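# Close look at the chain arrangement
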Number of protein chains: 4
Amino acid sequence: MSGLAAPLWRRAFAEGLGTGLLVTVVVGSGIAASALSPNDIGLQLLENAFATALGLAVLILMLGPVSGAHFNPVVSVVDWWLGRRTGTGLSPRDLAAYLPAQVAGAIAGAVLANLMYAEAAVSWSTKDRSSGPLWLGEVVATAGLVVLIFALAWSGRAAVTPVAVGAYIGSAYWFTSSTSFANPAVSIGRAFSDTFAGIAPGSVPGFVVAQFAGAAAGVGLLAVLYPRAGQAAGDVVTPSTDTTAGASS
Amino acid sequence: MSGLAAPLWRRAFAEGLGTGLLVTVVVGSGIAASALSPNDIGLQLLENAFATALGLAVLILMLGPVSGAHFNPVVSVVDWWLGRRTGTGLSPRDLAAYLPAQVAGAIAGAVLANLMYAEAAVSWSTKDRSSGPLWLGEVVATAGLVVLIFALAWSGRAAVTPVAVGAYIGSAYWFTSSTSFANPAVSIGRAFSDTFAGIAPGSVPGFVVAQFAGAAAGVGLLAVLYPRAGQAAGDVVTPSTDTTAGASS
Amino acid sequence: MSGLAAPLWRRAFAEGLGTGLLVTVVVGSGIAASALSPNDIGLQLLENAFATALGLAVLILMLGPVSGAHFNPVVSVVDWWLGRRTGTGLSPRDLAAYLPAQVAGAIAGAVLANLMYAEAAVSWSTKDRSSGPLWLGEVVATAGLVVLIFALAWSGRAAVTPVAVGAYIGSAYWFTSSTSFANPAVSIGRAFSDTFAGIAPGSVPGFVVAQFAGAAAGVGLLAVLYPRAGQAAGDVVTPSTDTTAGASS
Amino acid sequence: MSGLAAPLWRRAFAEGLGTGLLVTVVVGSGIAASALSPNDIGLQLLENAFATALGLAVLILMLGPVSGAHFNPVVSVVDWWLGRRTGTGLSPRDLAAYLPAQVAGAIAGAVLANLMYAEAAVSWSTKDRSSGPLWLGEVVATAGLVVLIFALAWSGRAAVTPVAVGAYIGSAYWFTSSTSFANPAVSIGRAFSDTFAGIAPGSVPGFVVAQFAGAAAGVGLLAVLYPRAGQAAGDVVTPSTDTTAGASS
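These remarks concern the structure in this document. Each chain carries its own residue numbering, running from 1 in the direction its sequence is written. Throughout, the order in which chains and ligands are written sets their labels, letters from A for the former and numbers from 1 for the latter. Side-chain atom pairs in this predicted model are given and counted only at pLDDT of 80 or more, local residue features only at pLDDT of at least 70, and totals for whole chains, interfaces and linings cover all residues.

## Focus on the packing of helix α2 (residues 41-67) of chain A against helix α5 (residues 132-154) of chain B
Heads up, the condition is: Angular values range over 0 to 180 degrees, each being the angle between N-to-C directions of two axes fitted as lines to C-alpha atoms, with helices fitted over their stretch in contact. We count a stretch as a helix when DSSP gives it H or I for four or more residues in a row; a strand needs E for two or more, and each element gets its number in order from the N terminus. Orientation labels follow simple angle bins: below 35 degrees gives roughly parallel, above 145 gives roughly antiparallel, 65 to 115 gives roughly perpendicular, and whatever is left gives oblique. Crossing handedness is read from the near helix: turned anticlockwise from the far helix by less than a right angle, it gives a left-handed crossing, and turned clockwise, a right-handed one. Two residues qualify as a contact pair if the distance between their C-beta atoms, derived from the backbone, is within 7 Å.
Between α2 of chain A and α5 of chain B, the shortest axis-to-axis distance is 8 Å and the interhelical angle comes to 50 degrees. With respect to α5 of chain B, the element α2 of chain A is oriented oblique. Seen along the crossing, α2 of chain A lies across α5 of chain B with a hand that is left-handed. Residues Val58, Leu61 and Met62 of chain A of α2 of chain A form the contact with α5 of chain B, whose participating residues are Val147, Leu148, Ala151 and Leu152 of chain B.

In structure tokens:
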């Protein structure tokens, strides 16, 4: 049972909305960056990272009290896994609502970005992202993300999670060779736009496998670093102890 | 009745000052960016977004305790609308003072930026910004802004609003095709400077309509995400519960 | 009498050290930026603004509990002026120690930057910065700085002052035509380095006059915005209520 | 005896992991920056500084409750030195575990960055960094880092240390001529990658000597600025008073 009081349909809606807007931020700022800074790919990535770091932090602030602001199947699955014995994480039923909402939202978010920039609603990305070093990048990126989120939750500092997660992704765009997708739903969504931030559909499965491998590594690191913690694993990303705002019905 | 204790004339003055300085930040940094980075429009936008994100956060911190730091007719109207039954938002009389103050301040801010950069005090912008995708961008930008501000206020986290709003706009400069004006008063003010951040007067009405449409969408999303909240809708952007500093008359 | 408990010699030392390191940050990052990004002056200013915004925030955090972290004669004079009746600001004796310490520190900071970058210890700047629009820029920049610092102090939010002041200056580098010196001591120090951030000695008096004019404008705005506040004007930039750490003699 | 409750092996593991990931951030983002922005070294450094400032802050947040998040032999040695009489800092036994863990982690972190970017696992850097001005840069960078960390700890503001240290290093990349290594373990690790952030092995000893000289200068400044403080020198970087999360054995 989750620590969040909103009914499941509303929480799933928030997950879909948040994941969707995250993809809109990533894809939309990527389109703008490549159009406006055509001569320097690094500058494009800096612009993309700037927009993503700020936008992701804001989205977590905005929706955390409703759904926990996972926006990421890896985070939701780990939340369920770590809380499965104590009943503090997502339930299997929660998971069955969160995951499809995240994937559907991600696709809608890519379509929205495409439309805002006068592109076709859907254009399959042709950007191949398949190689061992890139997969290693995704393992590292996702492991770090998982350790960060649960370390903050378990040490009573979830109030800084929105900013910390935004900062982490902004940094990981640069320090991982894969530019840190670190999110299966976002990886799927980014396949629907043949622009700067796209990923060819054929490269998605490899990324998703690497992301779950990274999540497993992150869970292992947490067991070493923060043993006996995790009883309060529910509601991990929520930046406020006050979750009653959306608590009706 | 508003939760703010300062007399209306002072609050309106703060709204005019804050909206004005916001336009000064946007227009002034746009002039500097296009003059100093003439070869890369993306770099110009990054410089403009950097200055705006930081400057907007600071202005909200500076004036929030006086007027709530709306600096935006859309925010003021939504504040009135959401609090009209419970009497927690702006009153119609408040609104009648805030809106003209915001617009007048915005125009004065553009003039100030022009003068600091040795331009003519007023030069009508010739930059056409009219198209469906741009209007969609304004709808998205304004809806997100409205959801963010009231979600933070209703979940007891208004202390982070200044930084969150600055970060949101800095990100939305990139992820929306319209570079996120998201503010009718600022849109009018930016028509008074034929520089980087300008907008042709003929394009302003379309932007304003899109902004109010976005605000309506934001109100709808809030009703889904945060039902039964909103009783404390007054004083929504104020970053401090201590509003007594400016409470005398 | 000041609210700070450290003896005056230590507070003056902290003011000299902090102002000096601020000039080291400004001048040093300016030298690096112009050497490493020779083809785009805007990019140089972005690098300079990035370093200054972060570095200034850190210096205020580092030394605030000792001296209040003014690092700026304008701030010290306004602190004395606003607290002269209630005895809450700097005393004339404090001022007589702070001001020369700030100026001497600023010069030493420029020399340190020059030496780190293998320049001559002192090279008079040849960069003329004299014109009405630039002076208007300094008036705006300094007025905003004064309003920000005292608005935060008087509304009980001095804990955010370090970040807010850093953000303000980082933004004002862009939105004012003068790149926001806003500080007489730093203006003098920057005359000692003929590099990116320099100012010709002959341009310094005009800037200093404009800065004090801006401070007066800021005091006027504060009187309108925050009347009856200011009784606690001492210790205005200190980011912690706990000033006992450096309280021995 | 340290204020941290985790067993020494776990704390040493956290120091190795954190120092390693810090080097991964520095080296990895340096490789990406030089590959993606080949025409402007300043832009490369801005990208590198952006990633490092955000990544370092996040790593301190992530591991602070376990080990104090020193990630730096200079910080650990100063922590021991300042707490040696009162027993509040690291013990000699702690030090004997922290230092080798930091160095080993740093080397592993460079190897990980190399592998993610499809470089040879190890390639000795050929970038000579030896000169008086560079050593002066390291003295300044390290002195400032030491003063910052202990000033925050001693004035009860360790909660902001993660962000402040990240911001400091991001700024010092620019204002010191040496780009602020300020860390002997990271200096050694960076010798293992012949890429943007590398340092030739022959230049490492000079940097390390300068860093310890800077640490001594920082300790001297602290004695002047914050006398009679320092009784709580243990656990200096931990951003939370709640260190019980990892407190089991």
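## Looking at the nonpolar core
Selection criterion: Among buried residues, those of type Ala, Val, Leu, Ile, Met, Phe, Trp, Tyr and Cys that are joined through C-beta atoms within 7 Å form a set called a nonpolar core. Remark: C-beta atoms are placed from the backbone, and a residue is labelled buried if 20 or more other C-beta atoms sit within 10 Å of its own, exposed if 12 or fewer do, or partly exposed between those counts.
Counting 397 residues, the largest nonpolar core has Leu148 of chain A, Leu148 of chain B, Leu148 of chain C together with Leu148 of chain D as its most contacted members. For leucine 148 of chain D, the residues in contact, after removing those within four places along its chain, are Val58 and Met62 of chain C together with Ala164, Val165 and Tyr168 of chain D.

## What to know about the interface of chain A and chain B
For clarity, the threshold we go by: Ten residue types, Ala, Val, Leu, Ile, Met, Phe, Trp, Tyr, Cys and Pro, are classed as nonpolar, four, Asp, Glu, Lys and Arg, as charged, and the remainder, Gly among them, as polar.
Each partner contributes residues to the interface: chain A has 34 residues there, and chain B has 35 residues. Of all elements in the fold, only α1 (8-36), α2 and α4 (92-116) of chain A reach the threshold of two or more residues within the side of chain A that touches chain B. Looking at the side of chain A that touches chain B, the element that brings in the most residues is α2 of chain A, giving 12 residues. Looking at the side of chain A that touches chain B, its residues break down into 21 nonpolar, 10 polar and three charged.

## Quick look at the relation of the copies chain C and chain B
Just so we agree on the cut-off: We place the copies in one frame by least squares, fitting the C-alpha atoms of every residue whose pLDDT is at least 70 in both.
Relative to chain B, chain C is turned by 90 degrees and slid 0.0 Å along the rotation axis, the superposed coordinates differing by an RMSD of 0.0 Å. Overall, the copies show the geometry of a four-fold rotation axis. Residue leucine 43 of chain C, judged by its C-alpha, is the member of chain C lying nearest the rotation axis, at 5.4 Å. With a heterologous cut-off of 20% or less, the 3% of interface residues of chain C that recur at the interface of chain B puts this contact in the heterologous class.

## A closer look at the relation of the copies chain A and chain B
Of the transformation superimposing chain A on chain B, the axial component is 0.0 Å and the angular component is 90 degrees, with the fit at an RMSD of 0.0 Å. In this assembly, only 3% of the residues forming the interface of chain A have copies in chain B that are likewise at the interface, indicating a heterologous arrangement.

## As for the environment of asparagine 183 of chain D
Residue and element names in this part refer to chain D. The residue asparagine 183 is located in the loop between α6 (161-175) and α7 (184-190) in this model. Along the sequence, asparagine 183 and phenylalanine 207 sit 24 residues apart, while their C-alpha atoms lie 8.7 Å from each other. Other than its neighbours up to four places away in sequence, asparagine 183 contacts Asn72, Val74 and Gln211.

## A look at the interface of chain C and chain B
It is common to give the size of an interface as the accessible area lost on bringing the parts into contact. Contacts between chain C and chain B engage 35 residues on the former and 34 residues on the latter. Here the side of chain C that touches chain B takes nine residues from helix α5 (residues 132-154) of chain C, the largest share from any one element. For the side of chain C that touches chain B, a count of residues per class yields 24 nonpolar, eight polar and three charged.

## Examining helix α1 (residues 8-36) of chain D
Given 3.6 residues per turn, any residue in an α-helix points the same way as the ones three and four places further on. Selection criterion: Residue count minus one, scaled by 1.5 Å, sets the expected span of a helix.
The end-to-end C-alpha distance of α1 of chain D is 41 Å, a good match for the 42 Å that 29 residues give at a rise of 1.5 Å each. The buried fraction of α1 of chain D amounts to 24 of the 29 residues, a majority that puts the element mostly inside the structure.

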